[in-house]
Amino acid sequence: MSLPKFILGDNTEYPNAIFVIHTEFPRFIINLENDEVEWFEEFDAEDQKELEAETENAIKLATDFYDNEIAKYEE
């Protein structure tokens, strides 16, 4: 199965939270309500360097994805 890079998620137990799931390495979920990130990967020291370099960009892309999706709903 082919997955999109980003998926929107919600859950009734977290009524104010908006989740964006990033399905490619490094895989994570970000809660846009509070910018909390949960990683699905385990990182070694070498990965940690790559992660630090990519984290800011990946979170920006996740936020941009959400903004674009919401704009489509508002049209």
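Structure: above.
Please read all numbers here as calculations on a predicted model, not as lab measurements.

Quick word on the overall build of the chain
What the chain contains, in helices and strands, is one helix and four strands. The secondary structure elements of the chain, listed N-terminal to C-terminal, are β-β-β-β-α. For the C-alpha atoms alone, the extent of the chain along its principal axes is close to 45 × 25 × 25 Å. Residues classed as buried in the chain amount to 25% of the 75 residues present. Counted over contacts in the chain with a minimum sequence separation of 6, partners at least 24 positions apart contribute 27%. Summing over all exposed atoms, the chain offers an accessible surface of approximately 5800 Å²; the carbon and sulfur share of this is 47%.

So, a negative patch on the surface
Together, D44, E46, E50 and E54 make up a region of like negative charge exposed at the surface. When you line up the elements, D44 lands in the loop between β4 (36–39) and α1 (45–74).

Focus: α1
Between the first and last C-alpha of α1 there are 43 Å, a value that for 30 residues agrees with the 44 Å anticipated at 1.5 Å per step. Along α1, the sharpest change in direction is near 40° and occurs at E54. When we look at burial in α1, the residues that qualify are L51, T55, A58, A62, F65 and Y66. Where α1 is buried, its residues meet β1 (6–9), β2 (19–22), β3 (28–31) and β4.

About the criteria used
- Residues numbered from 1 in each chain as written.
- Predicted model: local features only at pLDDT ≥ 70, side-chain atom pairs only at ≥ 80, totals over all residues.
- Heavy atoms only, no water.
- Helix = DSSP H or I, 4+ residues; strand = E, 2+ residues; numbered from the N terminus.
- Buried < 20%, exposed > 50% of the residue type's maximum accessible area, 1.4 Å probe, protein only.
- Contact = heavy atoms within 4.5 Å.
- Areas by Shrake-Rupley, 256 points an atom, 1.4 Å probe, with all protein chains shown as cover.
- Patch = residues over 30% accessible without salt bridge, like charges linked within 9 Å, V, L, I, M, F, W, Y side chains within 5 Å.
- Salt bridge = Lys/Arg side-chain N within 4 Å of Asp/Glu carboxyl O.
- Lys, Arg positive; Asp, Glu negative; His and termini not counted.
- Charge placed at Lys NZ, Arg CZ, Asp CG, Glu CD.
- Expected span 1.5 Å × (residues − 1).
- Bend = angle between axes of the 7 residues up to and from the residue.

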